[in-house]
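Chain by chain, the residues run as shown.
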Amino acid sequence: MTKEIKYTDAFEELQQIVSDIEDGEITVDELSIKVKRAAELIKICKSKLTSTEGDVNDILKELESDA
Amino acid sequence: MTKEIKYTDAFEELQQIVSDIEDGEITVDELSIKVKRAAELIKICKSKLTSTEGDVNDILKELESDA
Amino acid sequence: MTKEIKYTDAFEELQQIVSDIEDGEITVDELSIKVKRAAELIKICKSKLTSTEGDVNDILKELESDA
Amino acid sequence: MTKEIKYTDAFEELQQIVSDIEDGEITVDELSIKVKRAAELIKICKSKLTSTEGDVNDILKELESDA
Amino acid sequence: MTKEIKYTDAFEELQQIVSDIEDGEITVDELSIKVKRAAELIKICKSKLTSTEGDVNDILKELESDA
Amino acid sequence: MTKEIKYTDAFEELQQIVSDIEDGEITVDELSIKVKRAAELIKICKSKLTSTEGDVNDILKELESDA
Amino acid sequence: MAENQKIFTLKQVVSSIRKTIEERYQQLYWVKVEMHKLNRFASGHCFPELLQKEDGRIVAQISGTIWSHNYERINKRFIHLVKEPLKEDTTLLMQVKVSFHETYGMSLQIVDIDPNYALGELQRERQETLKKLTKEGLINANQHLNFPLLPKRVAVISAESSKGLSDFMNVIESNTWGYQFFTFLFPAYLQGDNASGSIIKQLDAIKRVKSHFDIVVIVRGGGGEVGLSCYNEYQLCKAIASFPLPILTGIGHATNLTVAEMVSFRNSITPTELGDFLIQAFHNFSTPVTNAIKSIKLHSKNKLTEARAQFGTSSQSFKHLTKQYLTNTNHILVQHGRKLKTEVRENLFYNRSKVLRLQEHSITSSKYRLRQEQETIERVKRNIPILYKQTLNKTAIELSQLEHSIKLMDPLNVLKRGYSITTINGKTIGENNSVELGDKITTKTSTFKLVSTITRKDND
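Residues numbered from 1 in each chain as written. Chains lettered and ligands numbered in written order. Predicted model: local features only at pLDDT ≥ 70, side-chain atom pairs only at ≥ 80, totals over all residues. Heavy atoms only, no water.

### Some words on the interface of chain F and chain G
Phase 1: If you look at the interface, chain F gives 34 residues, while chain G gives 32 residues.
Phase 2: Where chain F abuts chain G, roughly 2800 Å² becomes buried across the two surfaces, and 76% of that area is made up of carbon and sulfur atoms.
Phase 3: The largest contributions to the chain F side of the interface with chain G come from F11, L49 and I59 of chain F, which together make up 23% of the buried area.
Phase 4: Inspection of the chain F/chain G interface yields zero salt bridges.
Phase 5: Across the contact surface, chain F and chain G share eight residue pairs in polar contact (both at pLDDT 80 or more).
Phase 6: Put simply, the parts of the chain that give the side of chain F that touches chain G at least two residues each are α1 (7–22), α2 (28–50) and α3 (56–66) of chain F.
Phase 7: No other element matches α2 of chain F, which puts 10 residues into the side of chain F that touches chain G.
Phase 8: Residue composition of the side of chain F that touches chain G, by class: 18 nonpolar, eight polar and eight charged. (Contact = heavy atoms within 4.5 Å. Buried area = accessible area lost by both parts, 1.4 Å probe. Salt bridge = Lys/Arg side-chain N within 4 Å of Asp/Glu carboxyl O. Polar contact = N/O pair within 3.5 Å; in protein donor to acceptor, adjacent residues only side chain to side chain. Helix = DSSP H or I, 4+ residues; strand = E, 2+ residues; numbered from the N terminus. Nonpolar A, V, L, I, M, F, W, Y, C, P; charged D, E, K, R; others polar.)

Written as structure tokens, this is what we have:
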């Protein structure tokens, strides 16, 4: 399920949460839920970055070996 | 029971009591009851904060161990 | 019995007596009775203040020991 | 017996006598009696004042010792 | 005996005599009797005055000695 | 299928992708897709450079039939 | 016919004509003529047809003669100056001698032809072609065609034996990058009188199979500078300009550009350069493709690095801010706790001080009240002796006034002033108490009591 969210959306949501925390717009009651969500988003982003990096490297390696 | 009150509500009530005392709107007769309530609210808030802090730290620790 | 009077009422009565004395509205005959009453009220108020202070200090001390 | 007359009454009577003398409404026959009465009233008033002062001082001394 | 007549009565009688004489309602025959009476009354009055003064002075002296 | 795309279109599409990537206009989400597509296009273009084309016989046949 | 008429022989007549013409046309003339056919014979002599046209109609015609030695001289100069041999169907300025031969008839013996005029004529033809193509809007037509990204399939117009062709083929076929070209030769004359028609013919052929080609090249090499005027010819130039595929020329010469070169898609100085140009086109295609790999690699990495950095920053600040948030919240809570304490203490202190103030007030005001009362009593006490003395004094004064009045009224005091009282029987004499003669009356003075007897009585 987590794979279905886009990196861009995940990152934006993460940034929103970060700025909400920074601006004090999150109550203590909401904090742990928001932090949990942020952690989830961080994981998603990391995984997306890693997989993209892998994909891109594979493709480029193949391309270069052809050249 | 104390767990059912939200941090935000508890904190607001606390603020109200403190400001009422500050404004002299509380009679000596009410004072100890109000202070008792304030102490209760502080305890609730502390407990909420501590548990939130625990949750948040767990999540952050997990995040870091992933990194 | 003195414990049953509220601080606020005691204080108001005391204020009334003092202002009556100040305004010369009390005859010499009443004076010592009124002063006696004032003294009683002062004692009540003081005692209420002291007991409230004690209560409040206990509560606050407990709060601090928790912190 | 003299203790039973109120200060206020004593003082009023005294004032009445003084004003009667002033207005010349007192005959020579009555004069010494009236003066005698006035002296008596003065004594009563003074005594009342002294005892009241004593009472007040006692009360206040007690109050202050409590403070 | 002379002590029994009041100063006021004595003084009134004296005044009556004087006014009677002045109004000429008294014959020469009566005159000397009346004058004699007047002298008597004057003596009584003077004595009353003196004794009153004495009495009063005693009272006042006593009052002041109390003060 | 890839053979069906004209090399000119492939070249243009490739340049567009390259300039998009260079301008940073591609999100992380699109990156691997775009790189994959670019690799495909590069292959098409490269093969075009070295492929053998043209059939002498066809041309001769056509020339003769017309003449 | 009249009898006396003289009869001449043909020879006599022709000789007479010759004599007359020779007398009449002794000098040389410069004549502008169109040379229709050169008619060079094996002997080396030429017998060109000379004519003049007006509106397409021949208005003058005569045969010409160029003796072999003259031809050689003239042609050499033409090739040198005009870069063309003497050509048919051109207008020339020639120096002629009118000659008449008894058997060959009239002809113009051509002794010289001005190469500069011919050059001018060629120039004129060139201008003419340019003007026409411009007017027809064809001048840039070929250049406006799209050049293929890869000029891979090439229709070559050249001569099989041409060095230019081999130069060109050498360049494109032996390239070290493995670029594959497809070429198909359409052989043609590349110079001289037949060139134009030959090239046009092959262009027509290419046009028929144009779907097999990306471009057309016309290459010629090593042919020198002579015989290129065909490339200024209108028909050929039009065929090139209006051709549906880009035509690239590489006809290798150093003189002025011909019109054909001008209207072609691109002109290269040599076939080799043309080949290089095509290789360059492949390079132009290949380089961005090769670079694309590098660029994609670099920028993808950058993008990912950047994304990682951005993401790292966000996740760092997330952790930091979250911790800070908790610290702040804790701090605020602690502050409220402290404030509560302070405010409660202040509140109690304030209330206590209010009570103490009231205590103070109750003391002072009670004492004040008692003192006031005392003062009042004292005042009264002081007033009493005064008031009572006033009363006594007043009474004493009243009394002494009365005493004084009484004294005045006392009969004894009247007698002292010389008055006396006369009584009868102890009573004063009045209306009710009359005296009679003989009565004894008593007269009282201040000092004496006189007893007298009435001796006379007079009425007032």
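### Re the side chain of T52 of chain E
Phase 1: Within the secondary structure, T52 of chain E is located in helix α2 (residues 28–66).
Phase 2: Its relative accessible area of 7% is what places T52 of chain E among the buried residues. (Buried < 20%, exposed > 50% of the residue type's maximum accessible area, 1.4 Å probe, protein only.)

### So, the pairing of strand β11 (residues 421–424) of chain G
Residue and element names in this part refer to chain G.
Phase 1: Bridging between β11 and strand β13 (residues 440–444) involves three bridges; their strand directions are antiparallel. Along β13, the bridge assignment pairs I421 with K444.
Phase 2: Pairing geometry for β11 and strand β12 (residues 427–428), over two bridges, is antiparallel. Along β12, the bridge assignment pairs T423 with T428.
Phase 3: Linking two consecutive strands that pair antiparallel, namely β11 and β12, is a turn of two residues; a positive phi of about 55° is found at N425 within it. (Pairing = 2+ DSSP bridges.)

### Things to note about the pattern of salt bridges
Phase 1: Applying the stated rule across the entire model yields 38 salt bridges over all chains.
Phase 2: One salt bridge in this structure joins E22 of chain B and K339 of chain G, with 3.0 Å as the shortest N-O distance. With E22 of chain B in helix α1 (residues 7–22) and K339 of chain G in helix α8 (residues 271–409), the pair connects residues from two separate chains.
Phase 3: For E22 of chain B, a relative accessible area of 40% translates into the label partly exposed.
Phase 4: Look at K339 of chain G and you get partly exposed, because its relative accessible area is 34%.
Phase 5: Here the residues in one salt-bridge network are E13, R37 and E40 of chain A, joined through shared partners.

### Quick look at the packing of aromatic side chains
Residue and element names in this part refer to chain G.
Phase 1: Considering all chains together, one arrives at 19 aromatic pairs over all chains under this definition.
Phase 2: Geometrically, the ring pair formed by F186 and F213 is edge-to-face, given 5.9 Å between the ring centres and 70° between the ring planes. Of this pair, F186 sits in strand β7 (residues 182–187) while F213 sits in the loop between α5 (195–208) and β8 (215–219), placing them 27 residues apart in sequence. Each of the two residues, F186 as well as F213, counts as buried. (Phe/Tyr/Trp six-rings, centres within 6.5 Å; stacked < 30°, edge-to-face > 60°.)

### As for the side chain of S162 of chain G
All names here are of chain G.
Phase 1: Its location among the elements puts S162 in the loop between β6 (153–158) and α4 (163–173).
Phase 2: The class of S162 is buried, set by a relative accessible area of 9%.
Phase 3: Within the local environment of S162, its side chain forms a polar contact with the backbone nitrogen of G164, the two atoms lying 3.0 Å apart.
Phase 4: Ignoring anything within four residues of it in the chain, the contact list for S162 reads V219, R220 and G221.

### Regarding the packing of helix α1 (residues 7–22) of chain D against α8 of chain G
Two packed helices can be described by the angle between their axes and the distance between those axes.
Phase 1: Close contact between α1 of chain D and α8 of chain G brings their axes to 9 Å; oriented N to C, the two are set at 30°. With respect to their mutual orientation, α1 of chain D and α8 of chain G come out roughly parallel. Two packed elements cross with a definite hand, and for α1 of chain D against α8 of chain G that hand is left-handed. Side by side, α1 of chain D and α8 of chain G meet where Y7, F11, L14, V18, I21 and E22 of chain D of the first sit next to E373, T376, I377, V380, I384, L387, Y388 and T391 of chain G of the second.
Phase 2: In terms of residue class, the contact of α1 of chain D with α8 of chain G is made up of 10 nonpolar, two polar and two charged. (Axes fitted to C-alpha atoms, helices over the stretch in contact; angles between N-to-C directions. Parallel < 35°, antiparallel > 145°, perpendicular 65-115°, else oblique. Left-handed = near helix turned anticlockwise from the far one by under 90°.)

### Quick word on the interface of chain C and chain B
Phase 1: With 14 residues of chain C at the contact, the number on the chain B side is 11 residues.
Phase 2: Three residues, T52, I59 and L63 of chain C, lead the burial of chain C against chain B; their summed loss comes to 45% of the area buried on that side.
Phase 3: Linking chain C to chain B there are one salt bridge.
Phase 4: Between E62 of chain C and K43 of chain B there is a salt bridge, with its nearest N and O atoms 2.9 Å apart.
Phase 5: Going through the elements one at a time, α1 (7–22) and α2 (28–66) of chain C are the ones with two or more residues in the side of chain C that touches chain B.
Phase 6: Here the side of chain C that touches chain B gets 10 residues from one element, more than from any other, and that element is α2 of chain C.
Phase 7: Split into classes, the residues belonging to the side of chain C that touches chain B amount to seven nonpolar, two polar and five charged.

### Details of helix α6 (residues 234–241) of chain G
Residue and element names in this part refer to chain G.
Phase 1: The element α6 is extensively covered by neighbouring structure, given that six of its eight residues are classed as buried.
Phase 2: Taken together, the buried positions of α6 are occupied by Y234, L236, C237, A239, I240 and A241.
Phase 3: Taken together, the buried residues of α6 touch α3 (115–135), α5, β8, β9 (247–250) and α7 (259–263).

### Concerning the confidence of the model for chain G
Phase 1: For chain G, per-residue confidence averages 89 on the pLDDT scale, and 99% of positions sit at 70 or higher.
Phase 2: The ipTM, which scores confidence in the relative placement of chains, is 0.76 for this predicted complex, and the corresponding pTM is 0.64. (pLDDT = per-residue confidence, 0-100.)

### Regarding the sheet that holds strand β10 (residues 266–267) of chain G
Residue and element names in this part refer to chain G.
Phase 1: In spatial order, the strands read β7-β6-β8-β9-β10; together these five strands make up an open sheet with parallel pairing. Strands with a single pairing partner mark the edges of an open sheet, and in this sheet they are β7 and β10.
Phase 2: For β9 and β10, the ladder comprises two bridges, and the chain directions are parallel. Paired with T249 across the bridge in β10 is N267.
Phase 3: On the sheet, α5 packs against β6, β7, β8 and β9 and is oriented at approximately 160° with respect to β6.
Phase 4: Seen against the sheet, α8 touches β6, β8, β9 and β10 and runs at an angle of roughly 140° to β9.

### A short note on the pairing of β8 of chain G
Residue and element names in this part refer to chain G.
Phase 1: For β8, the buried fraction is high: five of the five residues fall into the buried class.
Phase 2: In β8, alternate side chains face the same way, and those of I215, V217 and V219 on one face and V216 and I218 on the other are all buried.
Phase 3: For β6 and β8, the ladder comprises four bridges, and the chain directions are parallel. Bridging across to β8, V156 finds its partner in V217.
Phase 4: As paired strands, β8 and β9 are joined by four bridges and run parallel to one another. If you follow I218 over to β9, its bridge partner there is T249.

### Details of the sheet that holds strand β1 (residues 29–37) of chain G
All names here are of chain G.
Phase 1: An order of β1-β2-β3-β5-β4 is seen for the five strands of this closed barrel, with the pairing classed as mixed. In this sheet, neighbouring strand axes are inclined to one another by 60° on average, regardless of whether the strands run parallel or antiparallel.
Phase 2: The pairing of strand β2 (residues 49–54) with strand β3 (residues 57–65) spans six bridges and is antiparallel. What sits directly across from K53, in β3, is I58.
Phase 3: Strands β1, β4 (90–101) and β5 (105–113) of the sheet are contacted by helix α1 (residues 10–24), whose axis makes an angle of about 130° with β4.
Phase 4: Running over the sheet, α3 touches β1, β4 and β5 and is turned about 140° from β4.

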